[in-house]
Amino acid sequence: MAIESGTQTEMDHWQLGREYGEVQRLMAELAEEVERRRSQNRHHLKQADWEWLTAKQHMFKIDKTILRRDARLVAAEAGFNVYNLFAFVLEIPPGGTEGAYHMHGEAIKLYLQGRGQEIIAGHEYEVEAGDVLFVPAHTWHGTQNPYGDTERFVAIAHTGQGAPIFHQPIFRTREDLRVPGFEESPIGQAIARKDYGTMQPFELSRARQYFLEKLGDLETQMEERRGQDRHLLKRSELEWGPLWPELGNDPRRTSALIAKTVCPELGFNVHNFFAAFVQLPPDGAGVPSHAHGEEMQFYTQGRGRAFVGTAVYEVEPGDTVFIPANTWHGVENTSTEPLIYFSTMQGRGNPVAHVPISRVG
Ligand SMILES: [Fe+2]
Ligand SMILES: [Fe+2]
């Protein structure tokens with residue numbers, strides 16, 4: 001049956017109900033196809049395999065005389081078992097734009113080539129290769145290229161499929177629940193020793209309360225920094241530090257480095273993502289095996305090996321690697337130059353387990 005838009009107001013309630021049911025059935029069929037693609041469970045995409053979609057094929061109402069083109073990198077439709085993120089690369093030739101201004105969930109962009117102008121919430125930014133941008137959820141934005149060279153960026157955006165666009169706030173507990181000197185009390189000391197196995201039920205719930213209070217304090221500080229509402233991080237602002245403390249003070253002290261980009265502590269009003277550059281020096285440095293929520297890595301420099309579950313991939317600039325949630329993974333530099341990748345992970349506090357697509361009868 002044909003679905004016509006713009007005619008809903010003339011429908012009687014029978015027709016409206018039937019069409020609603022029909023669209024739900026069509027969406028369920030579509031979801032089955034997406035599930036079928038997901039089952040490929042891909043991790044690695046070579047730049048040579050990018051499938052470009054040119055403006056002429058594009059569904060959006062954009063100027064079709066300027067051939068901007070884009071390619072899906074990581075997406076459920078492309079065979080990755082991903083729920084929170086999708087990634088694409090977009091190329092805008094001189095004089096082109098990214099179409100009309102639009103809004104959606106949170107998005108992060110890494111400029112790979114050329115220069116461009118980004119307009120986010122009325123602010124204009126001059127952007128060049130190496131710069132990182134953040135588009136907060138539900139914020140009007142657009143891109144244009146008034147310069148002489150083609151601009152190219154990779155974008156990682158929130159899918160909105162199952163995962164909430166906004167975070168669930170952590171509720172602060174009542175101030176009057178705080179006990180001065182709690183850390184020194186017997187329960188406080190038992191918590192410090194992690195003596196959870198011998199705690200009474202009340203003590204266990206008190207321990208949880210204690211950590212929620214701590215989390216509430218930290219969340220308040222994060223919220224204060226989010227208030228800066230930043231959109232842009234210039235390449236020159238990257239601050240490199242050791243990676244191992246960021247992996248929970250991992251005792252396997254790697255010499256790998258990290259430079260955080262889009263995260264709340266740096267003043268971005270972001271809830272779903274955490275983005276950073278990771279650099280492995282040419283001394284055999286690796287990112288030791290670890291697991292967390294969904295992650296996407298875009299390789300920008302050097303050569304190495306990415307480990308995802310039991311699979312091993314040779315990686316080079318232009319490659320994308322996807323790591324499903326709760327999957328052990330690591331990276332190794334196999335070359336004589338630094339290996340660098342841009343990593344976007346699920347933000348802190350986001351549920352790690354995926355939310356399955358609901359089936360409609
Ligand atoms: Fe966008
Ligand atoms: Fe990771």
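Nothing here was measured: the structure is a model prediction, and the numbers come from that model.

Colleague: An account of the overall build of the chain is needed here, citing residue identities and associated values.
Modeller: Of the regular secondary structure elements, the chain holds three helices and 21 strands. Looking at the chain residue by residue over its 361 residues, the buried ones come to 45%. The long-range share in the chain, meaning contacts at least 24 apart out of those at least 6 apart in sequence, stands at 68%. In the structure as shown, the chain presents an accessible area of about 19100 Å², 54% of it carried by carbon and sulfur atoms.

Colleague: Lay out the environment of I119 with the relevant residues and their values.
Modeller: Inspection of the secondary structure puts I119 in strand β6 (residues 115-120). The class for I119 is buried, based on a relative accessible area of 14%. Separated by 23 residues in the primary sequence, I119 and G142 place their C-alpha atoms 5.4 Å from one another.

Colleague: For the nonpolar core, give the residues involved together with the corresponding values.
Modeller: One finds L73, I108, V132, V262, F298 and F342 to be the most contacted residues of the largest nonpolar core, which totals 29 residues. The residues touching F342, leaving out its near neighbours within four places in the chain, are I108, L110, V132, I156, T261, A275, A276, F277, M296, Q297 and F298. Counting 21 residues, the second-largest nonpolar core is a separate cluster that includes A276, L280, V308 and Y341.

Colleague: Account for the side chain of H158, naming residues and giving values.
Modeller: Turning to its location among the elements, H158 is positioned in strand β10 (residues 151-158). Accessibility expressed as a relative area gives 6% for H158, which makes it buried. In this structure the side chain of H158 is engaged in a polar contact, spanning 3.4 Å, whose partner is the side chain of N272.

Colleague: Describe in detail the pattern of salt bridges, supporting the description with residues and values.
Modeller: The tally for this structure, following the rule as stated, stands at 18 salt bridges. Between E118 and K109 there is a salt bridge, and its shortest N-O distance comes to 3.0 Å. The class of K109 is buried, set by a relative accessible area of 4%. The salt bridge involving E314 is made with R305; its shortest N-O contact spans 3.1 Å. Given a relative accessible area of 48%, E314 falls into the partly exposed group. Judged by its relative accessible area of 29%, R305 is partly exposed. Connected through shared salt-bridge partners, K46, R303, E316 and D319 make up one network.

Colleague: Tell me about helix α1 (residues 13-38), residues and numbers included.
Modeller: Its 26 residues place the ends of α1 37 Å apart at the C-alpha level, agreeing with the 38 Å of an ideal helix rising 1.5 Å per residue. When α1 is considered as a whole, its buried residues turn out to be E19, G21, E22, A28, A31, V34 and R38. Sitting at the amino-terminal end of α1 is D12, which places a side-chain oxygen 3.0 Å from the backbone nitrogen of W14.

Colleague: How would you sum up helix α3 (residues 201-226)? Please name residues and give values.
Modeller: At 3.6 residues per turn, the α-helix brings residues three or four places apart onto the same side. Between its first and last C-alpha, α3 extends 37 Å over 26 residues, near the 38 Å set by a 1.5 Å rise per residue. Those residues of α3 that sit buried are R206, A207, Y210, E213, G216, E219 and R226. Here the buried face of α3 lies against α2 (186-192).

Colleague: Tell me what's going on with the sheet that holds strand β9 (residues 141-144), and back it up with residues and numbers.
Modeller: Sheet architecture is open: three strands sit in the order β7-β6-β9, paired in antiparallel fashion. Of all the strands in the sheet, the pair left with one neighbour each is β7 (123-128) and β9. Averaged over all pairs of adjacent strands, the angle between strand axes in this sheet comes to 20 degrees, irrespective of strand direction. Sheet topology places β6 next to β7; six bridges connect them, and they run antiparallel. Bridge pairing in β7 links R115 to E128.

Each value, and the rule that gives it
- Residues numbered from 1 in each chain as written.
- Chains lettered and ligands numbered in written order.
- Predicted model: local features only at pLDDT ≥ 70, side-chain atom pairs only at ≥ 80, totals over all residues.
- Heavy atoms only, no water.
- Helix = DSSP H or I, 4+ residues; strand = E, 2+ residues; numbered from the N terminus.
- Buried < 20%, exposed > 50% of the residue type's maximum accessible area, 1.4 Å probe, protein only.
- Contact = heavy atoms within 4.5 Å.
- Areas by Shrake-Rupley, 256 points an atom, 1.4 Å probe, with all protein chains shown as cover.
- Core = buried A, V, L, I, M, F, W, Y, C linked by side-chain atoms within 4.5 Å.
- Polar contact = N/O pair within 3.5 Å; in protein donor to acceptor, adjacent residues only side chain to side chain.
- Salt bridge = Lys/Arg side-chain N within 4 Å of Asp/Glu carboxyl O.
- Expected span 1.5 Å × (residues − 1).
- Pairing = 2+ DSSP bridges.
- Axes fitted to C-alpha atoms, helices over the stretch in contact; angles between N-to-C directions.

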